[in-house]
Amino acid sequence: MYKNTIVKIPGETYVNGLTTSNLGRPELAKALEQHKAYIRALEKCGTKVTVLPDNIEFPDSTFVEDTAVLTSKFAVISNPGALSRNGEIHDMEPVIKSFYETIYYIKAPGTLDGGDILQIEEHFYIGVSARTNLEGARQLKQIFEYEGYKATIIHLEKFFHLKTGIAYLGDQTIVVAGEFIDHPDFKSYKKIIVPREEEYAANCVHVNDYVIIPAGNPVTKQKINEAGYQTIELEMSEFRKLDGGLSCLSLRF
Ligand code: CIR
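Presented here is an overview of the structure given in this document. (Residues numbered from 1 in each chain as written. Predicted model: local features only at pLDDT ≥ 70, side-chain atom pairs only at ≥ 80, totals over all residues. Heavy atoms only, no water.)

Our focus in this paragraph is the site of the ligand. Taken together, 14 residues lie around the ligand, and Asp60, Arg85, Arg131, Leu242 and Cys248 are the ones closest in. Within the backbone of leucine 18, one N or O atom sits 2.8 Å away from a nitrogen atom of the ligand. Between the ligand and leucine 242, the relevant distance is 2.7 Å, taken from a nitrogen atom to a main-chain nitrogen or oxygen of the residue. Coverage of the ligand by the protein amounts to 98% of the 350 Å² it exposes when considered alone. In terms of residue class, the shell around the ligand is made up of five nonpolar, three polar and six charged. (Near = heavy atom within 4 Å. Polar contact = N/O pair within 3.5 Å; in protein donor to acceptor, adjacent residues only side chain to side chain. Areas by Shrake-Rupley, 256 points an atom, 1.4 Å probe, with all protein chains shown as cover. Nonpolar A, V, L, I, M, F, W, Y, C, P; charged D, E, K, R; others polar.)

Here it is as structure tokens:
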């Protein structure tokens, strides 16, 4: 059960954020509207949403998930792998300190983006990606093991972040796409398989009684509903343009 969520408003420089998507430049007004709907959805799920002001110095800073890994017992401040994003942790640190007593840090030369971390009950999966290096992944694995959790490092082939292609819904059920469909480390879970043309929907978030999914993915929505979950659909076009998915826009704890 998540009680809290943290989000950050996209600033006017959002349109200059990092991207590999080729979907065009985002429209700020539309992004702000979609972000408001995202906040409303987190409230509908029963979380208290902490809304942080924008910071135009960091165009990508609305993607707060990458700055930290939050668990029920402790927090880890990440060390974001993109140079232009690394300073985002300085805005986030005091906020996280207001919620947590035990805080760990990923330290250079380790880099780590929170989007590469997936929790399945007491087991954390850590993606090694273009943003999270092996040193960062090893540091985090050590922290989890010290705190009594299991941790597995997963080497990504194509996905941007680990959670770009996988989500956990509870009840040992995962939503998977692409390279994770037949991945040996996920073979013991019940799987909802996302079809290729809906791959963006693999980044969905289970928040209490709902699964929030990106609008326009009817096959995935139906499969999630058939598995017994209620869904909330959100328009995500302006975040997708900067490679952002639903999970990236919040920290949930
Ligand atoms: C970036 O390239 O860092 C941002 N434009 C998108 C970050 C998406 N975050 C995530 O998947 N956790």
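Here the narrative resumes.
Read from one edge to the other, the open sheet built from three strands follows the order β2-β1-β15, with strand pairing classed as mixed. The two strands at the open ends of the sheet, each matched to only one other strand, are β2 (48–52) and β15 (251–252). In terms of strand pairing, strand β1 (residues 4–8) meets β15 through two bridges, oriented antiparallel. Bridge assignment links isoleucine 6 to a residue of β15, and that residue is leucine 251. Packed on one face of the sheet, helix α1 (residues 28–44) meets β1, β2 and β15 and runs near 175° to β1. (Pairing = 2+ DSSP bridges. Helix = DSSP H or I, 4+ residues; strand = E, 2+ residues; numbered from the N terminus. Contact = heavy atoms within 4.5 Å. Axes fitted to C-alpha atoms, helices over the stretch in contact; angles between N-to-C directions.)

Here we come to helix α3 (residues 134–146). If you check α3, its first and last C-alpha atoms are 18 Å apart, about what 13 residues at 1.5 Å a residue would give, namely 18 Å. Along α3, the positions that sit buried rather than exposed are Gly136, Ala137, Gln139, Leu140, Ile143 and Phe144. Around the axis of α3, the buried residues are gathered within 160° of arc, so they sit on the same side. For α3, exposure combined with an orientation more than 90 degrees from the buried face picks out Arg138, Gln142 and Tyr146. Residues of α3 that are buried in the fold lie against β3 (68–70), β4 (75–77), β5 (103–105), β6 (117–120), β7 (123–128) and β8 (150–155). Glycine 148 sits one or two positions beyond α3 and adopts a positive phi of about 95°. (Expected span 1.5 Å × (residues − 1). Buried < 20%, exposed > 50% of the residue type's maximum accessible area, 1.4 Å probe, protein only. Arc of directions from axis to C-beta.)

It is worth spelling out the packing of aromatic side chains at this point. To describe a pair of aromatic rings, you give the distance between the ring centres and the angle between the ring planes. Considering all chains together, one arrives at 15 aromatic pairs under this definition. Taking 6.2 Å as the distance between ring centres and 55° as the angle between the ring planes, the aromatic pair formed by phenylalanine 74 and phenylalanine 144 counts as tilted. With phenylalanine 74 in the loop between β3 and β4 and phenylalanine 144 in helix α3, this residue pair connects regions lying 70 residues apart in the sequence. Of the two residues, phenylalanine 74 and phenylalanine 144, neither departs from the other in class, the shared state being buried. The interplanar angle of 85° and the centroid separation of 5.1 Å between the aromatic rings of phenylalanine 124 and tyrosine 149 together place this pair among those described as edge-to-face. Of this pair, phenylalanine 124 sits in strand β7 while tyrosine 149 sits in the loop between α3 and β8, and the two are 25 residues apart along the sequence. Here phenylalanine 124 matches tyrosine 149 in class, with each residue buried. Ring pairs connect the aromatic residues Phe74, Tyr104, Phe124, Phe144 and Tyr149, which therefore count as one cluster. (Phe/Tyr/Trp six-rings, centres within 6.5 Å; stacked < 30°, edge-to-face > 60°.)

The strand order β12-β13-β14 describes an open sheet built from three strands, whose pairing is mixed. Edge positions in the sheet fall to β12 (205–207) and β14 (230–234), since each of these pairs with one other strand and no more. This sheet shows a mean twist of 30° between the axes of neighbouring strands, independent of strand direction. Most of the contacts of α1 go to β14, to which it runs at about 165°, and overall it touches β12, β13 (210–214) and β14. Here helix α4 (residues 218–226) sits on the sheet and contacts β13 and β14; the angle it forms with β14, its principal contact strand, is near 155°.

On to helix α2 (residues 88–97). For α2, every residue scored as buried is listed here: Glu88, Ile89, Met92, Val95 and Ile96. Projection of α2 onto a plane perpendicular to its axis shows the buried side chains occupying an angular sector of 120°, all on one side. On its buried face, α2 is in contact with β1, β2, β3, β4, β5 and β15.

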